[in-house]
Amino acid sequence: MGKKIKINLVQHEEIGIAAALIAVVIIFGIADPAFVSGANLVRLFRQACILGIMAIGVVYVIMCNGIDVSVGAILAVSSTIAAQMMISGHHVVIAVGSAVVAGSFLGMLNGLIVTKLGIKELIATFAASYIIRGLLLQISGAKWLTNLPREFTFLGQGSVAGIPVPFFLLLAVLAAGYIFSNYTPIGRQVKAIGGNAEAAVLSGISITKIKILTFTVCGFAAGVAGVIYAARMGSVQSNAGEGMEFEVISAAMIGGADFNGEGSPVGAFLGALLLTAIKNGMVILGVSSFMEGVVTGGLILLALFVNMFRGKYENSLEVAGNE
Amino acid sequence: MDMLLEMKNISKIFPGVRALDNVTYVLRKGEINALLGENGAGKSTLIKVISGVHTPTQGSIYMEGKEVKIHTPFDAQQLGIGTIHQEFNLFPNLSVLQNIAFSLHLVPFSGRILPWKKIRSHVEEILDTMEITLPLDTKIKYLTVANQQLVEIAKALMLNVRILIMDEPTAALTNLEVQNLFKVIRTLKQKGVSIIYISHRMEEIFDLADSITVLRDGKLICSKDRGEMSEKEISRMITGQDMQLNMKDRQRGVRRFGDVKLRVKDLTMVPGYSDISFEVRKGEILGLLGPLGAGKTEIGTTLFGIRQPQSGAIELDGKPVSMKSPYDALQKKIAYISEDRKKTGILTNMSVKENVTISWLLNKRSWRINKKEQGEVTDQYIDVLRVKTPSGEQNINYLSGGNQQKAIIGRSLATDPEVLILDQPTRGLDIGAKEEIRKLLYRLADEGMAIIVATMEVPEAMELCDRVAVIKEGRIRETVNPMQTTVEELTEKMLG
Amino acid sequence: MNKKIKTLPRELCLIMIFAVICAAMTAGNPKFLTAGNFKNIILSNFEIGLVCISMTCVILTAGMDMSVGSITGLTNMLTGIFAVNMGVDIPAAILLALLGGLSVGVLNSIMVIKLENSNPMIITIGTMVLVRAICRLLTEGWTISGFDKSFKAVSYGKIAGINNTILLLFVLMFAGQWMLKRTTWGMHLYAIGNNEQSTYFAGVNVKKVKFAVYMFSAFMSSLAGIFLASRMMTSYPDSGDGYHMEAIAAIVIGGTSISGGEGNMIGTLFGFLIIASLKNGLGLMGVSSLTQMIFIGVVLIVTILINNILKQQHEKKGLLMMKKNG
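Residues numbered from 1 in each chain as written. Chains lettered and ligands numbered in written order. Predicted model: local features only at pLDDT ≥ 70, side-chain atom pairs only at ≥ 80, totals over all residues.

**Overview of the overall build of chain B**
Link 1 in the chain: In terms of regular secondary structure, chain B is built from 17 helices and 20 strands.
Link 2 in the chain: Computed over the C-alpha atoms, the radius of gyration of chain B is 25 Å, within 12% of the 23 Å expected from 2.2 N^0.38 for a compact globule of 496 residues.
Link 3 in the chain: By its C-alpha atoms, chain B is 65 × 50 × 45 Å across when sized along the principal axes.
Link 4 in the chain: By the burial criterion, 47% of the 496 residues in chain B qualify as buried.
Link 5 in the chain: Restricting the contact set of chain B to residue pairs at least 6 apart, pairs at least 24 apart contribute 69%. (Helix = DSSP H or I, 4+ residues; strand = E, 2+ residues; numbered from the N terminus. Rg over C-alpha atoms; globule rule 2.2 N^0.38 Å. Buried ≥ 20, exposed ≤ 12 C-beta atoms within 10 Å, placed from the backbone. Contact = placed C-beta atoms within 7 Å.)

**What about helix α5 (residues 92-116) of chain A?**
Link 1 in the chain: For α5(A), built from 25 residues, the straight-helix expectation of 36 Å at 1.5 Å per residue is met to within 8% by its first-to-last C-alpha distance of 35 Å.
Link 2 in the chain: G118(A) sits one or two residues past α5(A) and shows a positive phi near 65°. (Expected span 1.5 Å × (residues − 1).)

**Digging into the interface of chain A and chain C**
Link 1 in the chain: Chain A puts 34 residues into the contact, and the matching count from chain C is 36 residues.
Link 2 in the chain: Of all elements in the fold, only α6 (121-140), α12 (244-254) and α14 (291-322) of chain A reach the threshold of two or more residues within the side of chain A that touches chain C.
Link 3 in the chain: Here the element with the most residues in the side of chain A that touches chain C is α6(A); it accounts for 12 residues.
Link 4 in the chain: Across the side of chain A that touches chain C, the residue classes tally to 22 nonpolar, 9 polar and 3 charged. (Nonpolar A, V, L, I, M, F, W, Y, C, P; charged D, E, K, R; others polar.)

**Some remarks on the domain arrangement of chain B**
Residue and element names in this part refer to chain B.
Link 1 in the chain: Taken domain by domain, chain B consists of domain 1 (3-242) and domain 2 (247-495).
Link 2 in the chain: In this structure, domain 1 and domain 2 have C-alpha centres spaced 34 Å apart.
Link 3 in the chain: Ranked by the residues each element gives to the side of domain 1 that touches domain 2, the list is headed by helix α8 (residues 231-239), at 6 residues.
Link 4 in the chain: Here the residues of the side of domain 1 that touches domain 2 sort into 4 nonpolar, 4 polar and 6 charged. (Domains from an automatic or database assignment.)

**Observations regarding the sheet that holds strand β15 (residues 319-321) of chain B**
Residue and element names in this part refer to chain B.
Link 1 in the chain: If you trace the 4 strands from one edge of the open sheet to the other, you get β12-β11-β14-β15, paired in antiparallel fashion. On the outer flanks of this sheet lie β12 (273-281) and β15, each paired with one strand and no other. Between one strand axis and the next, the sheet turns by 25° as a mean value, whatever way the strands run.
Link 2 in the chain: Examined bridge by bridge, strand β11 (residues 260-269) and strand β14 (residues 311-316) share 5 bridges and lie antiparallel to one another. Along β14, the bridge assignment pairs T268 with S311. (Pairing = 2+ DSSP bridges. Axes fitted to C-alpha atoms, helices over the stretch in contact; angles between N-to-C directions.)

**Quick word on the sheet that holds strand β5 (residues 66-68) of chain B**
Residues and elements named next belong to chain B.
Link 1 in the chain: With antiparallel pairing, the 4 strands of this open sheet are ordered in space as β2-β1-β4-β5. Looking at strand neighbours, the two that pair on one side only are β2 (17-28) and β5, the edges of this open sheet. In this sheet, adjacent strand axes meet at a mean angle of 25° when their direction is disregarded.
Link 2 in the chain: With 8 bridges connecting them, strand β1 (residues 3-14) and β2 associate as antiparallel partners. Directly across from L5, in β2, lies its bridge partner L27.
Link 3 in the chain: Its contacts with the sheet place helix α1 (residues 43-50) against β1 and β2, and it is angled at close to 60° to β2.

**Observations regarding the packing of helix α3 (residues 68-85) of chain C against helix α4 (residues 90-114) of chain C**
Each pair of packed helices gets described by two things: the angle between the helix axes and the distance between those axes.
Residues and elements named next belong to chain C.
Link 1 in the chain: Between α3 and α4, the least distance of the axes is 8 Å, while the angle of their chain directions is 150°. Comparing the axis directions of α3 and α4 gives the class roughly antiparallel. Two packed elements cross with a definite hand, and for α3 against α4 that hand is right-handed. Residues I71, L74, T75, L78, T79, F82 and A83 of α3 lie in contact with α4, whose contacting residues are I90, A93, I94, L96, A97, L98, G100, G101 and V104. (Parallel < 35°, antiparallel > 145°, perpendicular 65-115°, else oblique. Left-handed = near helix turned anticlockwise from the far one by under 90°.)

Given below as structure tokens:
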């Protein structure tokens, strides 16, 4: 009985990430206790929300053997729409709703380009990001949208019972993602496609439908993140979200996602927390912010090595268990 | 036992091929029927018709007396027909439980939310009745092949399977695992499940099956209860009485062999093969005859440097050698033609020319490709091997399987090997192509090449080889001279 | 079956697309179609062109190198640090910078080979992030200027009246095409992209080829960084940013498939010219660089669609021929 539990634990990649996260917190905490102060932890959670939500969204695309480098562009569109509508006097709900719908719609377009036009994900979403950003500029002009009303910025800057509002959104997205992944048939189908596409087709799964869905979900997440972005900043510039793509993908992959169906929203969430914690910690320690990239890059490579070793370890463990 | 499945006058015709010819096949409830036949006899076509992958060109299917149409795999599943192919349809990144749960879309759990607690207890219940234990939360990729197979069986069980088709289930299992599998199969039988069991292994069939059906050339030759036929008779049915080989007519004539070219001593690589010893002389064709999973491919790839043996020795011209890679082996004048030309043979979408000359080019000093020479070498082998292609520039994908195989043989020959190892070289080829390759191998042997042919087909081994080593479960059982035995005898030795 | 299937050779299509774009750009601003302007186009995109050449080779093997831009940045910064901050001789500085870039190449190669179950894309995203951070770390984000005037000769020198870099680009592109089609090394690239297992079984040392191709990629990216430093007479930490995606775009427009095994250098040359011309021409028309992105994105999608249709036609034709020949 004991052996069985051990095997189960090790198999969940999330345990590894959680351990790394705890280790980082401890290390930074020892280096400077200010890191683990209540105020800083709250700040950390607030900072992690945008990256976290987007990483959860992109994880499904990656699990299906795809990639989306247009998430930054979608965030820009969503922020701009939310901000613009608030400035024009619309109700918060309408503004947020429009932004999120726009994000989902753009995500769906990505999915259609990939499945119906048969263009590979990397190029398709790259072209899409260019077109989206270009069009956004054309339509909105290079305006800098500022002075967003309080009821809106509350979504990004406010707190309820000491916990930042965006964090509630992150948890909601995480919960939705968790239920989707583990408790819905479609969630299983996403992982199946990445694991063995042929068997998936034989099981009657429509790869086209599922891929469009994953891109739509990714766009939805970017849409939500865009709202939070606008709310937190209190203003939106046209270059919002530029360069975020690879950070988002890194967070998901550090969290265990790969192109063969491995990955989970929880892992992506933890990956985002980890990256944010490192960023935050470095600021507190006064370390050059440029080191952040070194650590992120190093983490990605480390995660790949860990994956490889875990595979070998699990293999021998299981073979032993089978005898 | 009453009738469960009746296939009446089933014919399946593909352009130019009659895969099934007026076959009437019957299966009773709780019956374990062994389906035997050589490659190309029609076994897999019959299975595909039952499991809905193919629709019969003629004939009809009845289940429990009522006619049914099985047009898709889904239809088959609805009727309770489950199939376990040689290559499993499992998701390596999902757990056992999750894989099993996939087949539940047909069973009352297809709501929006998956109630894992209920699913788990449902699965555990069913596995218990079958006395199967599986680590439900382990991902498939960490499971042994034997356990993966049990997962496939579990999937079928979830479908309330009435007929379970198993295609060569024991090819990759140890003896212990086979026994475990048989226990499960017998429990299924007790519950009234019928099993169609495809295998080459006679001893298993005699252990397990209630009845035996033999197919040959698309026709059903016989279907008898187990006790009614001896092994010898079955062998004869499989290979066909009209295939009496008149050994005197063998076209090879008097053979003169040179020195020992390749010697293998106590070669061991477990699992795979153990204590393999044989020698091949110059000008000799040695056959490695054995069923699926016997170890032929493992031995061949070891001699070619793809695998490394754990112990034992390989000698070329009396000197010990070790092959560290295919390149190394080619340098030592050993060439290998793999059994799966799609996976490890042809370079898809590249030209015939490139496919033929890729190994030959490795020995050229300069990186620059002499296009003229390349063309000449290609044309030479296209001619000699009679590869049917409009030109060397043709994309190799557009060639027929036989011609692709010949191109690959050309690739090996272009490196001027002294030892040639072929793994099932005529698999999937028509009679004409088989003949051509046979003649080619004779000629190469006459010119002094040492040749090893791994095969599953007894007549081929007998016609082609000067000696045949029978391999089973990784060991050489005995080595025979084809001139001193018969097809039936040899088949018995291989399967028995 | 007497259907005649029309197929156009892919190169012809690319020439036509290029011509159409040139015509459109000229219509927008007649200054586009001048020799001086074309010189400009090549000069200002030369470094990306270098990267395109090696990236084509990597993609042919069904691999990917996302770290090319970061390596460019690294050598760009290292050149400045050695030549300006440390006062080293220009040739020595270049050599040292090159070494720096090549060591990243070694890292990439080894990891791609060792981590065989991991996608090269994600491996090189790791190095991309890592190396870019190092670029910024080297001078805490400051740019470096003050190169010795002689350094300018690298980018601006002329041979027989033609600018260095223009000559070099075309020579390398054609040399690259030759290498792909007429050497065994090139053939091995296609073979690995087509079917790595079969290539191994045929006796090719696949690991060695992969090592070489990622080193080649690092080498070209390193050169790009050095040339860029010479052209700008400045080192800046974000140099090379975005090169990876732009190179991929050019290569894909040129007909090379991301899944490997298909494509050639001439296609890449045209893809490169198409994107470079678009950027230049639109710029001449006063279109902001952000708006340019719309056109680039659209051209990208349209050319890929055209490529796909051409491929389908080719396949149909091939199948037809096969049936005829039995």
